[in-house]
Amino acid sequence: MGLILKILIYSYLSAGVWSVHQMQWLPCQFTDEHVFINNEGHTETQLIHREAMLQFGQKGDAPVNPNAITFLIASSKLDLRRYVEGVEAEQLECDLRRYSTEGIYVRWPVIGAQEYNRWFSCTLRHSRGLFTVTGFLRHPSDEPPPGEQDYRKWPPIADREVLTTTVAMAIKTKTPLVKVALMSQPKLHCQFDVDHKGANVTVEWHWQHRGERNKLFSYTSRAGQTQGSGVGLKALAAGDATYTLPLSKMSSEGTYICSVSVTPLFSNVDIILHIEEPPRVTLNVGPTLSLLEGEDQKVVCEANSYYPLDVEIAWYEQDPAASGQRVGAPLPKLLDNVLLSSHKHNKDQTYSLSAFFYLKASLRQSGKQFTCSVSHQSLKVPIKKHFILNVQEPGSWMFILCVGFTVISLLAILFVMLRYLHSARKNAVEKKPY
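Residues numbered from 1 in each chain as written. Predicted model: local features only at pLDDT ≥ 70, side-chain atom pairs only at ≥ 80, totals over all residues. Heavy atoms only, no water.

## Structural notes on the sheet that holds strand β15 (residues 254–262)
In step 1: Taking strand neighbours across the sheet as the criterion, the 6 strands line up as β8-β16-β15-β11-β12-β13 in an open arrangement whose pairing is mixed. Of all strands in the sheet, those bounded by a partner on one side alone are β8 (177–180) and β13 (225–228). Between one strand axis and the next, the sheet turns by 20° as a mean value, whatever way the strands run.
In step 2: As judged from the 9 bridges shared by β15 and strand β16 (residues 265–275), these two strands associate in the antiparallel manner. (Pairing = 2+ DSSP bridges. Helix = DSSP H or I, 4+ residues; strand = E, 2+ residues; numbered from the N terminus. Axes fitted to C-alpha atoms, helices over the stretch in contact; angles between N-to-C directions.)

## Quick look at the sheet that holds strand β26 (residues 383–392)
Whenever strands of a sheet pair, they do so through backbone hydrogen bonds, lying parallel or antiparallel.
In step 1: A sheet is described by the order of its strands in space; here 5 strands give the open sequence β18-β26-β25-β20-β21, paired in mixed fashion. Both edges of this open sheet fall to β18 (288–292) and β21 (333–334), since each of them pairs with a single strand only.

## Re the packing of aromatic side chains
In step 1: The full count for this structure, using the stated rule, is 14 aromatic pairs.
In step 2: Between Tyr99 and Phe136, the ring centres sit 5.0 Å apart and the planes meet at 80°, which makes this aromatic pair edge-to-face. Remark: Phe136 occurs in strand β6 (residues 132–141) and Tyr99 occurs in strand β4 (residues 92–99); sequence separation between them is 37 residues.
In step 3: Residue classification places Phe136 among the buried residues on the basis of a relative accessible area of 2%.
In step 4: Measuring from centroid to centroid gives 5.3 Å for Phe370 and Phe387, while their planes differ by 10°, and the two rings are stacked. With Phe370 in strand β25 (residues 369–375) and Phe387 in strand β26, this residue pair connects regions lying 17 residues apart in the sequence.
In step 5: Take Phe370: its relative accessible area is 1%, and that puts it in the buried class.
In step 6: Feature note: the residues Trp315, Phe357, Phe370 and Phe387 constitute an aromatic cluster, connected by ring pairs.
In step 7: Its end group placed over the ring of Tyr83, Arg82 keeps NZ or CZ at 4.6 Å from the ring centre.
In step 8: When the ring centre of Phe131 is taken as origin, the NZ or CZ atom of Lys172, which lies over that ring, is 4.9 Å away. (Phe/Tyr/Trp six-rings, centres within 6.5 Å; stacked < 30°, edge-to-face > 60°. Buried < 20%, exposed > 50% of the residue type's maximum accessible area, 1.4 Å probe, protein only. Lys NZ or Arg CZ within 6 Å of the ring centre and 35° of its normal.)

## Focus on the state of the cysteines
In step 1: Applying the stated criterion across every chain yields a total of 3 disulfides.
In step 2: The disulfide partner of Cys28 is Cys94, and the S-S distance across this bridge is 1.8 Å. Its S-S torsion of about 80° marks the bond between Cys28 and Cys94 as right-handed, since a negative value means left-handed. Of this pair, Cys28 sits in strand β1 (residues 25–37) while Cys94 sits in strand β4, placing them 66 residues apart in sequence. (Disulfide = S-S within 2.5 Å.)

## Looking at the pattern of salt bridges
A side chain with one charge may pair with a side chain of the opposite charge, provided their charged atoms come close.
In step 1: What the rule picks out here adds up to 9 salt bridges.
In step 2: Residue Asp193 is joined to Arg82 by a salt bridge in which the shortest nitrogen-to-oxygen separation is 3.3 Å. Of this pair, Asp193 sits in strand β10 (residues 191–194) while Arg82 is found in the loop between β3 (69–74) and β4, placing the two residues 111 residues apart along the sequence.
In step 3: Overlapping salt bridges, with partners in common, bring together Asp32, Arg50, Arg98 and Asp159 in one network. (Salt bridge = Lys/Arg side-chain N within 4 Å of Asp/Glu carboxyl O.)

## Details of the side chain of Glu204
In step 1: Relative to the assigned elements, Glu204 resides in strand β11 (residues 202–209).
In step 2: Polar contacts involving the side chain of Glu204 include one to the side chain of Lys215, which spans 3.4 Å.
In step 3: Once you skip the residues sitting within four places of it in the chain, Glu204 turns out to touch Lys215, Phe217, Ser218, Ile257, Cys258 and Ser259. (Polar contact = N/O pair within 3.5 Å; in protein donor to acceptor, adjacent residues only side chain to side chain. Contact = heavy atoms within 4.5 Å.)

## Observations regarding unusual backbone geometry
In step 1: Following Thr263, the chain continues to Pro264 via a peptide bond in cis, the omega torsion being 10°.
In step 2: Mapped onto the secondary structure, Pro264 falls in the loop between β15 and β16.
In step 3: Going from Tyr307 to Pro308, the amide bond is cis rather than trans, its omega being 5°.
In step 4: With respect to the helices, strands and loops of the structure, Pro308 is situated in the loop between β19 (296–306) and β20 (312–318).
In step 5: The phi dihedral of Met183 falls on the positive side, at around 60°, and the residue is not glycine.
In step 6: With respect to the helices and strands, Met183 occurs in the loop between β8 and β9 (187–188).
In step 7: The exposure class assigned to Met183 is exposed, which follows from its relative accessible area of 54%.
In step 8: In this structure, Ser305 is a non-glycine residue whose phi angle is positive, near 55°.
In step 9: Mapping Ser305 onto the fold places it in strand β19.
In step 10: You can call Ser305 buried: its relative accessible area is 13%.

## Here we look at the pairing of strand β7 (residues 162–173)
In step 1: Counting buried residues along β7, 10 of its 12 residues qualify, which places the element largely inside the surrounding structure.
In step 2: As paired strands, β3 and β7 are joined by 4 bridges and run parallel to one another. In the strand pairing of β7, Ile73 is matched with Thr165.
In step 3: Of the pairings in the sheet, the one linking β6 to β7 comprises 7 bridges and is antiparallel in character. If you follow Val133 over to β7, its bridge partner there is Lys172.

What follows is the structure in structure tokens.
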């Protein structure tokens, strides 16, 4: 009994700690709109940036900042904070805007909803680009919408007004920017949720690049119709619209758009896909290069099959003993006689480039390490390939050649003599009388 009581107390305290650490408010920028007809009879929109607060609580709560516009998000089925769990408020960028239904009127089907609503969109972005979340805030109103072009007659919002809202729909991606190599199958994350069951949801995926736009997938819950592939229907029923890309090619680059529609709301998230293929680096010499003093050798470092185009190749000379030291070691010497080839465009749309120099062997360079360093945006650290130069004096090589020739000659003479003696002995045995 005592153990159970301890567990209950611990659970209660843990819940209290969690509620204390939940995000209670967030400073936001409210981009208001003033739409008017100019002197030439054209419609213009003036954007007005106003100070606002996103505050989580209950209807009737006092504003945290009474000098700002407060968007008070009351508890409902959708808690916007659930999509940013584990993230500090300082890491979030908050943007609030009015949302126009463009004349479409639908009574929002939740218990206690009033006849009319004023809509706002709230977008939360991680400062390091880890995710993007957009929530639609519903503010009940007794006033009917002012006609089809409701955005021309926005109801005014006072500087210290408190707008009590609830989150009606939310859409999120955890992959706003995706970088993949060729022949991979990345998953483009997209999830959504609505504050009531049985909503008529339409989900679509589009690909857009250089003015071209193609539909990849579409699904309508009311009709149960699906076009295209890449999204799991079971996952889709739970609000997971993640799209699995076929094997990536160069033509896969572009912007992928996940859109979710629940009348009268429509939202989408953009996911930018970049192809980054790392280079394959090779040298035309082995780990050790042996040369005679004064001999010339063309040394080539080649970076193959990389994408995108920009790559940096540099050659360095260094004492191999110093390359492993972190403190007090002399810096590698950058070679300035390096030449670059022209970029080669391969059939698979990747690129290749080589950097070469002519090495004239000298004894003072013997034992030096020559390193080729290749940098590319697909690499966290440069790829490095190196070789050790071994230089010999011409005289020593002549001595070795002479000694080798002499040894080979003596072995040949010995072999001939042994064959002659063997043959003579054989003949003597055959002629011996019995």
